[in-house]
Amino acid sequence: MAEATASFSREKLLEIARTLPPAPKILARLSQLIEDINVDLGQVADLIKRDGPLTARLMHISSSVFHGTARIGSIDEAVNRVGLSEVHRIVGLITSKRLAENPLEFYGVSTELLHEHMLYTALASEALAELSDMDPRNAYTGGLMRPLGILILDRLASRMPALEPYDHALHGSYINWEGRTFGVTNCDVAALVFADWWFPQEIIDGVRDHYLLREEDLDNRFACLLNLAGRLSAIAGFDLPGERQHWELSPRKLAAAGISEAQVEEAAEDANQRFARLRTSLR
């Protein structure tokens, strides 16, 4: 991680991260539990119950999955009937909605765009992973949580008096503005928090490197996958303005990811279909 300024130490950034809803931590722990083939479904249910609003929304959405049948009456029933993979996807969906409850004032990103960007990037990452030998569940989580550093730095900016917000014409990219303003990039902040929250190492390293700023970042296949997912999100109209220059497609990037251009197009079609099906689930 790049050295933060004295004013924005590791402890300060983690303090701000703790002001976020608890759902991302639950998502990280859920990913770990599902990796265990001997996981007790009761453990999964107990984990979700730690967050009341998450529990209520999961039961509501799970009931809609079984539209036409008896309403699901408990989180234990939801976990049993929906299945672990779908529970993970729904928890991610709810997490993105809760993290996007407020606009990113200093980044100029609306609540609607932030939520749609997170969800679409998650689905695109998942679709790309399914066409490769990478873990679709980690890909979904990594794509969904990719902007976490942006959320934290936006909250940090709100504590700084008279701070000028990001201006694309003036700064050109988020990382230019972040470096001058905070002395650290959103990718580094996300990696720091993911490590503190015990996210899988693949996600920590992938989000840290996914802008592919250095030649060695291309050795990280998961970072390349997240980068390609960012491109698909931009093509779909959900890009964040200060990141556009990172998503250019190149033969080198495709080769590094081990994904063909035809597979990228196939993943885009899959992501579009999944997004159309899920985007109304929280309404």
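This is a predicted model, so every value here is computed, not measured.

A.B. asks: Explain helix H1 (residues 10–17) to me, using residue names and the numbers behind them.
C.D. replies: Because each turn of an α-helix spans 3.6 residues, side chains separated by three or four positions in sequence point in the same direction. Residues of H1 that are buried include every one of Leu13, Leu14, Ile16 and Ala17, and no others. Looking straight down H1, one finds its buried side chains confined to an arc of 160°; they lie on one side. As for H1, its buried residues are in contact with helix H9 (148–157) and helix H12 (186–196).

A.B. asks: Give a detailed account of the packing of helix H8 (residues 136–145) against helix H13 (residues 201–209), specifying residues and quantitative values.
C.D. replies: Two packed helices can be described by the angle between their axes and the distance between those axes. Their axes nearest at 10 Å, the elements H8 and H13 cross at an angle of 45°. Between H8 and H13, the interaxial angle falls into the category oblique. Classified by chirality, the crossing of H13 by H8 is right-handed. Two secondary-structure elements touch here, H8 through Asn138, Thr141 and Gly142 and H13 through Glu202, Ile203 and Val207. Looking at the contact of H8 with H13 residue by residue, the class counts come to 2 nonpolar, 3 polar and 1 charged.

A.B. asks: Requested: an account of the side chain of His171, with residues and values cited.
C.D. replies: Inspection of the secondary structure assignment puts His171 in helix H10 (residues 168–171). Setting aside residues no more than four positions away along its own chain, His171 makes contact with Pro165, Tyr166, Asn176, Trp177 and Arg180.

A.B. asks: So what's going on with the nonpolar core? Which residues, and what values?
C.D. replies: In this structure, Ile48, Tyr107, Leu128, Leu148, Ile152, Phe182 and Phe194 are the most contacted members of the largest nonpolar core, which totals 100 residues. Sorting elements by how many residues they give to this core places helix H7 (residues 111–130) first, with 11 residues. The contact partners of Ile48, leaving out residues within four places of it in the chain, are Leu54, Thr55, Leu58, Ile75, Val79, Val87 and Val91.

A.B. asks: Could you give an account of unusual backbone geometry, naming the residues involved and the relevant values?
C.D. replies: Unusually for a residue other than glycine, Ala162 sits at a positive phi of about 60°. Mapped onto the elements, Ala162 comes out in the loop between H9 and H10. One non-glycine residue, Leu212, lies in the positive phi region at around 55°. Checked against the element boundaries, Leu212 lands in the loop between H13 and helix H14 (221–235).

A.B. asks: Before we move on, could you go through the environment of Glu126 and cite the residues and values that matter?
C.D. replies: Tracing the sequence through the fold places Glu126 in helix H7. On the accessibility criterion, Glu126 (5% relative accessible area) is buried. Remark: the alpha-carbon pair of Glu126 and Ser96, spanning 30 residues in sequence, is separated by 15 Å. With sequence-adjacent residues up to four places away left out, Glu126 is seen in contact with Arg89, Pro136, Ala139, Tyr140 and Arg274.

A.B. asks: Account for the packing of aromatic side chains, with residues named and values stated.
C.D. replies: Enumeration over the complete set of coordinates arrives at 11 aromatic pairs. For the ring pair Tyr120 and Phe238, a centre distance of 5.5 Å and an interplane angle of 50° mean the geometry is tilted. One end of the pair, Tyr120, is in helix H7; the other, Phe238, is in the loop between H14 and helix H15 (251–257), and 118 residues separate them in sequence. Both residues of the pair, Tyr120 and Phe238, count as buried. Each ring, one from Trp177 and one from Phe182, has its centre 5.5 Å from the other, and the planes form 85°; the classification is edge-to-face. Accessibility expressed as a relative area gives 2% for Trp177, which makes it buried. Members of the aromatic cluster, connected to one another through ring pairs, are Tyr107, Tyr166, Tyr174, Trp177 and Phe182.

Definitions and limits used
- Residues numbered from 1 in each chain as written.
- Predicted model: local features only at pLDDT ≥ 70, side-chain atom pairs only at ≥ 80, totals over all residues.
- Heavy atoms only, no water.
- Buried < 20%, exposed > 50% of the residue type's maximum accessible area, 1.4 Å probe, protein only.
- Helix = DSSP H or I, 4+ residues; strand = E, 2+ residues; numbered from the N terminus.
- Arc of directions from axis to C-beta.
- Contact = heavy atoms within 4.5 Å.
- Axes fitted to C-alpha atoms, helices over the stretch in contact; angles between N-to-C directions.
- Parallel < 35°, antiparallel > 145°, perpendicular 65-115°, else oblique.
- Left-handed = near helix turned anticlockwise from the far one by under 90°.
- Nonpolar A, V, L, I, M, F, W, Y, C, P; charged D, E, K, R; others polar.
- Core = buried A, V, L, I, M, F, W, Y, C linked by side-chain atoms within 4.5 Å.
- Phe/Tyr/Trp six-rings, centres within 6.5 Å; stacked < 30°, edge-to-face > 60°.

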